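Here's the letter readout for the chains.
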Amino acid sequence: MKYLSIAIVTLVLTMNCTTKNETLVLSESYTEEFRPQYHFSPEEKWMNDPNGMVYYEGEYHLFYQYYPDSTVWGPMHWGHAISTNLVEWEHLPIALYPDSLGYIFSGSAVIDWNNTSGFGEDGKPPMVAIFTHHEPLGEQMDKIDFQYQSIAFSNDKGRTWTKYEGNPVIANPGIRDFRDPKVIWDHDSEQWILVLAADDHVKFYGSQNLIDWTHLSDWGREYGTHAGVWECPDLFPMTVENSDEIKWVLIQSINPGGPNGGSAAQYFVGNFDGKNFVLDEEFREHVTDEKAVWLDYGTDNYAGVTWSDIPAEDGRRIFIGWMSNWLYAQVVPTQKWRSAMTLPRVLTLHHEKEGYRLRTLPADELKSLEIETSNIPPGDLSDTYTVQTDPATNLYKLELTFKKPESGLIEIRFSNNADEYLSVGYSLAGKQYFIDRTFAGQSDFKEEFADYHTAHIAYDHENVDMILYLDHSSIELFADQGRTTMTDIFFPNELFSKIQIIADHNPVELLSGTISKLKKTW
Ligand code: FRU
């Protein structure tokens, strides 16, 4: 492609590490090729969905689908990590092991504040995990009822767990894909509500004690996309920003059928009255005839759900997803471990021109990753200037606001000396954001991997506003105050050492820009 005007912005970032950084560099861990430096990844072996995310006594718990014996999927356990700040994570021993009822599939955890379950001890509320038991023999024998829901509890802040002796607590009603329970206490109907995925729809259940569950209703066969199986739902109320209005959000992962192939998450906005989910009228037309509203248009944010029990004085809906895709998760070229989580993100609900929509932005805590920030001088980017980035690191955050161009493209290009590059950008003609990982490194493990991904912009916007987080093998784009989100992974043979901002066809005006070097957290 011939660029009529090219602006190259590269930044000199000091090669001298700060003292803080030096201590971190001393650590021998997490230095493997492609290893995420500030995202959560297991020390070794296979990981998929985040599970049981719950906040209790100053700790964010992150459990996850884990197979400790291999770097491909296998008998599922719940791995466990905690964080006090959503940035630095501490690995803890495996929380739940497979047992005679099966593997431990995805699920959630809550704090049972009023000890409704009776599992509490010494006046302290128990932490209760609600998960799917998947019975592998049943699956092999082609039965259909090999997935059912079970519970376990902990009285020592998630360190040790006891499985409930009466498991399972929800039997299989004759549905092959019947899994991934997410539980919330509903203040209005004064009951625990459980949502789970049942093939092409969700089922809601209610309970007073987390043990005895009543089926409330089914929803979703006629809304959203069904190009794949529904998995890992999440249901929660949200106050619409700048109003007192409460709406309920249902996040629904689907595999395959994502906007750029494979796994992805769609969502719905409506009301929930303690029994039925009723889709919002305005939202309806956007999710009929197999249309979907996507939480993230990239290929690598799957099975994400939100934390339970975030204190009311905080009040945020904090989300994390699995940063991979079932299309290729088991064959990506990492050696010691497989997969990482997305950055923790905060969801907010807004009433936009096109109806109720979620916005997704990185959690504020991530600002503590920034060790050095430089301004990119605003102005017309047809001025070309060249400087160089630090070849020893690849960890950057960029915040860029451009005046919406009259035509053409804005491209942010990360490249290395091996002629590999990753592009993220905005195309006025296509009315879309994009991530192009076609030439971003290794891709021969899966044909569909090297590709150009797009996110159609369904709203009017004045400026082009991007926040980008680059780690060794991932990029996260939060555009237009979080209205469009894209997450992609990639595997460059060398670290990217140059960042360019390229204006195509028209001069592009940068209104403001910063680049921050980020620290490693492992
Ligand atoms: C989603 C999923 C869930 C299931 C788990 C098994 O990625 O397929 O539906 O519980 O992974 O590991």
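Rules and cut-offs
Residues numbered from 1 in each chain as written. Predicted model: local features only at pLDDT ≥ 70, side-chain atom pairs only at ≥ 80, totals over all residues. Heavy atoms only, no water. Near = heavy atom within 4 Å. Polar contact = N/O pair within 3.5 Å; in protein donor to acceptor, adjacent residues only side chain to side chain. Areas by Shrake-Rupley, 256 points an atom, 1.4 Å probe, with all protein chains shown as cover. Helix = DSSP H or I, 4+ residues; strand = E, 2+ residues; numbered from the N terminus. Nonpolar A, V, L, I, M, F, W, Y, C, P; charged D, E, K, R; others polar. Core = buried A, V, L, I, M, F, W, Y, C linked by side-chain atoms within 4.5 Å. Buried < 20%, exposed > 50% of the residue type's maximum accessible area, 1.4 Å probe, protein only. Domains from an automatic or database assignment. Contact = heavy atoms within 4.5 Å. Pairing = 2+ DSSP bridges. Buried area = accessible area lost by both parts, 1.4 Å probe. Salt bridge = Lys/Arg side-chain N within 4 Å of Asp/Glu carboxyl O. Axes fitted to C-alpha atoms, helices over the stretch in contact; angles between N-to-C directions. Phe/Tyr/Trp six-rings, centres within 6.5 Å; stacked < 30°, edge-to-face > 60°. Lys NZ or Arg CZ within 6 Å of the ring centre and 35° of its normal.

Further remarks concern the site of the ligand. Taken together, Asn48, Asp49, Gln65, Trp73, Met76, Phe105, Ser106, Arg179, Asp180, Glu231, Tyr302 and Trp326 form the complete shell of residues around the ligand. At 2.7 Å from an oxygen atom of the ligand is found a side-chain nitrogen or oxygen belonging to Arg179. In the environment of the ligand, an oxygen atom lies 2.6 Å from a nitrogen or oxygen atom belonging to the side chain of Asp180. Out of a free accessible area of 310 Å², the ligand has 95% covered by protein chains. For the shell around the ligand, the secondary-structure elements that each account for two or more residues are strand S1 (45-56), strand S5 (103-111) and strand S9 (178-186). Here the residues of the shell around the ligand are counted per class, giving five nonpolar, three polar and four charged.

Counting residues in hydrophobic clusters, the biggest one holds 72 residues, and the most contacted among them are Trp219, Phe268, Phe277, Phe402, Ile412, Phe414 and Tyr433. Here this core spans two domains, since at least three of its residues come from each of domain 1 (3-17 + 370-518) and domain 2 (32-362). What Phe277 contacts, discounting residues up to four positions off in sequence, is Phe204, Trp219, Leu235, Trp248, Leu250, Phe268, Val269, Gly270, Asn271 and Phe272. Formed by 32 residues, the second largest nonpolar core is a distinct cluster that contains Tyr64, Tyr67, Val305 and Met341.

Pairing analysis gives four bridges linking strand S3 (residues 77-83) to strand S4 (residues 90-96), with the strands arranged antiparallel. Bridge pairing in S4 places Ile82 opposite Glu90.

For the protein, the assigned domains are domain 1 (3-17 + 370-518) and domain 2 (32-362). Just the C-alpha atoms count here: the centres of domain 1 and domain 2 sit 31 Å apart. With 37 residues of domain 1 at the interface, the matching set in domain 2 holds 34 residues. Across the domain 1/domain 2 interface, buried area totals approximately 2900 Å², and carbon plus sulfur atoms make up 59% of it. Seen at the junction of domain 1 and domain 2, the total is four salt bridges. Notably, a salt bridge pairs Arg345 with Glu476, separated by 2.9 Å at the nearest N-O pair. Counting every contact that joins domain 1 to domain 2 gives 23 residue pairs in polar contact (both at pLDDT 80 or more).

This part is about the side chain of His201. You can see His201 is positioned in strand S11 (residues 201-207). Polar side-chain contacts of His201 include one of 3.4 Å to the side chain of Lys203. Ignoring any residue separated from it by four or fewer positions in sequence, one finds His201 in contact with Leu196, Asp218, Trp219, Gly220, Arg221 and Trp230.

Spatial strand order, S13-S14-S15-S16: four strands in an open sheet with antiparallel pairing. The open sheet has two edge strands with one neighbour each: strand S13 (229-239) and strand S16 (277-279). The average angle at which neighbouring strand axes cross in this sheet is 40°, direction not considered. Relative to strand S15 (residues 264-272), strand S14 (residues 246-255) runs antiparallel, the two sharing seven bridges. Paired with Trp248 across the two strands is Gly270, which belongs to S15.

Turning our eyes to something else, we now look at the sheet that holds strand S2 (residues 59-67). Spatial ordering of the open sheet is given by S4-S3-S2-S1-S19, a layout of five strands whose pairing is mixed. Strands at the two margins of the open sheet, each flanked by one partner only, are S4 and strand S19 (337-338).

For the rest of this paragraph, the subject is the pattern of salt bridges. Enumeration over the complete set of coordinates arrives at 27 salt bridges. One salt bridge in this structure joins Lys157 and Glu57, with 4.0 Å as the shortest N-O distance. Of this pair, Lys157 sits in the loop between strand S7 (147-154) and strand S8 (162-163) while Glu57 sits in the loop between S1 and S2, and the two are 100 residues apart along the sequence. On the basis of relative accessibility, which here comes to 29%, the residue Lys157 falls in the partly exposed class. Residue classification places Glu57 among the partly exposed residues on the basis of a relative accessible area of 43%.

What follows covers unusual backbone geometry. Put simply, Asn167 and Pro168 share a cis peptide bond, and its omega is -5°. Secondary-structure assignment places Pro168 in the loop between S8 and S9. Of note, Cys232 is a non-glycine position whose phi angle comes to about 45°, a positive value. Mapped onto the fold, Cys232 is located in strand S13.

In this section: the packing of aromatic side chains. In this structure the tally under the stated criterion is 38 aromatic pairs. Seen from their ring centres, Phe119 and Phe153 are 4.2 Å apart, and the 10° between their planes marks the pair as stacked. Here the residue Phe119 occupies a position in the loop between S5 and strand S6 (127-134), and Phe153 occupies one in strand S7, the gap between them amounting to 34 residues. In this pair, the class of Phe119 matches that of Phe153, namely buried. Chaining the aromatic ring pairs together yields one cluster made of Tyr30, Phe40, Tyr55, Tyr60, Tyr64, Tyr66, Trp89, Trp307 and Trp522. The lysine or arginine in question, Arg483, covers the ring of Tyr459, its NZ or CZ lying 4.2 Å from the ring centre.

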